[in-house]
Each structure stands twice: as C-alpha cells, then as structure tokens.
Amino acid sequence: MRKLTYYIACSIDGFIGDPQGDATSMYSFVNEEYQAWMNGEYPETVPAHMREAVGVDADNKHFDTVIQGFGSYRLALDAGLASPYAHLREYVATRSLTESPDPNVELIADDLVGRIRQLKAEEGGLGIWLCGGSVVAGELVDEIDELVIKTYPQVYGSGMPMFGAGFEPRDFELGTVRVFDNGVLVRTYTRKR
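To keep things clear, this report deals only with the structure shown in the data block. What you see is a predicted model; the values in this text were computed from it and never measured.

## A look at the overall build of the protein chain
Looking only at helices and strands, the protein chain has four helices and ten strands in total. When the helices and strands of the protein chain are listed from N to C terminus, the series reads β-β-α-β-α-β-β-α-β-α-β-β-β-β. Taking 193 residues into account, the globule formula puts the C-alpha radius of gyration at 16 Å, and the protein chain, at 16 Å, falls close to it. Expressed along its principal axes, the backbone C-alpha trace of the protein chain runs to roughly 45 × 40 × 35 Å.

Here it is in structure tokens:
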C-alpha cells in the first residue's frame, strides 16, 4: 500500500498562509543550506519549470503522484503553468474546473477520499504527496499516513490552518527532526493506526 504524505510549510502557530493562503513571507527563510536540503531530499516537490534553474535533475525519491486543491493549483494557472509538476502524476480536487487544462492533470470533483484510497491501493511505485491546501487536507485527514512539517520561525496570529477540519484528535508518532541555522524546523510524523 502506498502512503499519503502531507508535506507542508507552516508558521509556528500552524498556519500555511495568511487568510487568503499567501505564504510568501516564509520565502525569506529559504537560504542556501535549507534549499539544498529540500532539493536533495524532496526533489520531486520542485515545480517542473524550476528544476533546471535550481539544479534539480534527480529522480523522484518519495513521491510519484501529487494531489492539491484548486486554490494551490490556481497559483500555477495564474503563472501560466497548467502542469506545474509534470514529472509527477497530477490530481486536482476541484468543483470549479470542469475540464482539465492539461492532459497530465486529472480533476477530482467528487469522492476525493475514494479516489485517494484507489491511488493508495495501487501496487508498487512511490508515495502520494498532498501538496495542499487546508480544505483538501481536512477532507483527507484520516487518509494521511505521514506528515512532513516545515515550520518557519514566524507567528501569523491567524490565517489558513494546516487542516480545514472539525475538532477530532488524531495521534501521530514523531520520527525525525531536523533543525536549520535559519530557524526552520522540519519534523516527520507517522500516523498511529
């Protein structure tokens, strides 16, 4: 069974963006050491159009599939990128789009959980990266097997939470912890089942 990993950046207080989802304030913490680690450890999370510019030519290490909500995907569309992760199988959870703008992008309008369960049940291959956003993470919270949380040393006070879901405790076990000189903390958690 393949695993679903929510690989996400957030503020100290657990927000992945301001109330509109903008997280550009976190970019100031992406220094050479941290960028090299992200590119080396998670090369598949570098958008296709940026891979050559940042020197990423590595094979995918963790994921061969990405799922994201329309809010996250819209950022790529607004930049003229219909397939931002062309090196992965791309899925977008949306009821706003009725036709995919790219043959590599499959739209999921209904039964998101069911579709993710089908993807997780596939044989072999790498895992599935949940790219965002909050609403999709909330819908898929019970399907998430692993969290990779990149915590940036900022407090937002309010904004878009990591999970747009109702209150229900779910337990995870802490795995690795990596601390960078820029103050970024990367923690990996595995779902306790």
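## A short note on the side chain of glutamate 146
Its place among the elements puts glutamate 146 in strand β7 (residues 146-152). Glutamate 146 gets classed as buried once you look at its relative accessible area, which sits at 13%. A distance of 2.8 Å separates polar atoms of two side chains, one belonging to glutamate 146 and the other to threonine 5. Setting aside anything within four residues of it in sequence, one finds glutamate 146 in contact with Lys3, Leu4, Thr5, Tyr6, Thr188 and Tyr189.

## What to know about the pattern of salt bridges
Enumeration over the complete set of coordinates arrives at 13 salt bridges. Linking aspartate 145 and lysine 120 is a salt bridge whose minimum nitrogen-to-oxygen distance equals 3.0 Å. Residue aspartate 145 is located in the loop between α4 (134-140) and β7, and its partner lysine 120 is located in helix α3 (residues 112-121); the two are separated by 25 residues in the primary sequence. Neither residue differs from the other here; aspartate 145 and lysine 120 are each classed as buried. The partner of aspartate 142 in a salt bridge is arginine 170, with the nearest N and O atoms 2.7 Å apart. Here arginine 170 lies in the loop between β8 (160-161) and β9 (172-179) and aspartate 142 lies in the loop between α4 and β7, a separation of 28 residues in the sequence. Residue classification places arginine 170 among the partly exposed positions, given a relative accessible area of 22%. A single salt-bridge network, built from bridges that share partners, covers Arg117, Lys120, Glu143, Asp145 and Arg193.

## Side note on helix α1 (residues 32-41)
In an α-helix, one turn spans 3.6 residues; hence positions three or four apart end up facing the same way. By the burial criterion, the buried members of α1 are Tyr34, Trp37, Met38 and Asn39. The secondary structure elements touched by the buried residues of α1 are β1 (4-11), β7, β9 and β10 (185-191). Sitting at the head of α1, asparagine 31 places a side-chain oxygen 3.4 Å from the backbone nitrogen of glutamate 33.

## Concerning the environment of phenylalanine 70
Here phenylalanine 70 lies in helix α2 (residues 70-78). When its relative accessible area of 19% is taken as the criterion, phenylalanine 70 is described as buried. Excluding its chain neighbours within four sequence positions, the residues that come into contact with phenylalanine 70 are Leu77, Val92, Ala93, Thr94, Ser96 and Leu97.

## Comments concerning the sheet that holds β10
Read across the sheet, eight strands follow the order β5-β4-β3-β6-β1-β7-β10-β9 without closing on themselves; strand pairing throughout is mixed. The open sheet has two free edges, formed respectively by β5 (105-108) and β9, since each of these has just one partner strand. Across the sheet, the mean angle separating the axes of adjacent strands is 25° when strand polarity is ignored. As judged from the six bridges shared by β9 and β10, these two strands associate in the antiparallel manner.

Criteria and thresholds
- Residues numbered from 1 in each chain as written.
- Predicted model: local features only at pLDDT ≥ 70, side-chain atom pairs only at ≥ 80, totals over all residues.
- Heavy atoms only, no water.
- Helix = DSSP H or I, 4+ residues; strand = E, 2+ residues; numbered from the N terminus.
- Rg over C-alpha atoms; globule rule 2.2 N^0.38 Å.
- Buried < 20%, exposed > 50% of the residue type's maximum accessible area, 1.4 Å probe, protein only.
- Polar contact = N/O pair within 3.5 Å; in protein donor to acceptor, adjacent residues only side chain to side chain.
- Contact = heavy atoms within 4.5 Å.
- Salt bridge = Lys/Arg side-chain N within 4 Å of Asp/Glu carboxyl O.
- Pairing = 2+ DSSP bridges.
- Axes fitted to C-alpha atoms, helices over the stretch in contact; angles between N-to-C directions.

Everything listed is a geometric property; what it means functionally is a separate question.
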